[in-house]
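Tertiary structure, described
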Amino acid sequence: QVQLVESGGGLVQPGGSLRLSCAASGSIFSIYAMGWYRQAPGKQRELVATVTGGGTPNYADSVKGRFTIFRDNAKKVHLQMKNLKPEDTAVYYCNAVGIATPQGYEHDSWGQGTQVTVSS
C-alpha cells in the first residue's frame, strides 16, 4: 500500500528557510496531484500548496511568494519555504490524491507529518 514519508522539518529562526520533502513508497503508476497541508495547535488543517502531475501549482495566499512547491518525479514532492514567519509554525502533512497502483485506485494518502517551528 502507498505510504508517504516526509522529511526536512525542524527549528528555524524567523526569516530562515527550510525544504520539506515527501516520497511516496510502493508500486505506483501515477499520482494526479500532491501537496502540503499544515495544522497549528488549536486550528484546523489548512492547504499550503498543491501541484498537479502537469506541474500546475496552487498556493495559499499566506505563503504565496515565499513558498515553492515542485515535483521532481512522479513519487516525490518538495516544499521550499523561504522567509519563514512564526505563524508558519505547524505540523506539515504531505498529501497525494488520485493514486493509481497495481492493487487499484486509491483516492488519497497522508503522511505522518513533520514539525516546523519558526522561533527566535
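Here we summarise the structure given alongside this text. (Residues numbered from 1 in each chain as written. Predicted model: local features only at pLDDT ≥ 70, side-chain atom pairs only at ≥ 80, totals over all residues. Heavy atoms only, no water.)

1. Comments concerning the overall build of the chain
A count of helical and extended segments in the chain gives zero helices and 11 strands. Relative to a compact globule of 120 residues, whose C-alpha radius of gyration would be 14 Å, the chain shows 14 Å and is just as compact. Looking at the chain residue by residue over its 120 residues, the buried ones come to 42%. For the chain, long-range pairs separated by at least 24 residues make up 57% of all intrachain contacts whose partners lie at least 6 apart in sequence. Surface exposure of the chain reaches about 6,300 Å², of which carbon and sulfur atoms provide 48%. One way to put it: in the chain the 11 positive side-chain charges average out to a point 5 Å from where the 8 negative ones average out. (Helix = DSSP H or I, 4+ residues; strand = E, 2+ residues; numbered from the N terminus. Rg over C-alpha atoms; globule rule 2.2 N^0.38 Å. Buried < 20%, exposed > 50% of the residue type's maximum accessible area, 1.4 Å probe, protein only. Contact = heavy atoms within 4.5 Å. Areas by Shrake-Rupley, 256 points an atom, 1.4 Å probe, with all protein chains shown as cover. Lys, Arg positive; Asp, Glu negative; His and termini not counted. Charge placed at Lys NZ, Arg CZ, Asp CG, Glu CD.)

2. Some points on the side chain of Arg38
Tracing the chain through its elements places Arg38 in strand S4 (residues 30–39). Take Arg38: its relative accessible area is 6%, and that puts it in the buried class.

3. A look at the nonpolar core
Counting 31 residues, the largest nonpolar core has Trp36, Leu79, Met81 and Tyr92 as the members making the most contacts within it. Among the elements of the structure, strand S3 (18–25), S4, strand S5 (46–52), strand S7 (67–73), strand S8 (76–81), strand S9 (90–101) and strand S11 (114–118) are those that each provide at least two residues to this core. No other element matches the five residues that S9 contributes to this core. (Core = buried A, V, L, I, M, F, W, Y, C linked by side-chain atoms within 4.5 Å.)

4. Comments concerning the pattern of salt bridges
A full pass over the atoms with the stated rule returns four salt bridges. Note that Arg38 is salt-bridged to Asp88, the shortest N-O span being 3.0 Å. Of this pair, Arg38 sits in strand S4 while Asp88 is found in the loop between S8 and S9, placing the two residues 50 residues apart along the sequence. With its nearest N and O atoms 3.2 Å apart, the salt bridge here joins Asp61 to Lys64. (Salt bridge = Lys/Arg side-chain N within 4 Å of Asp/Glu carboxyl O.)

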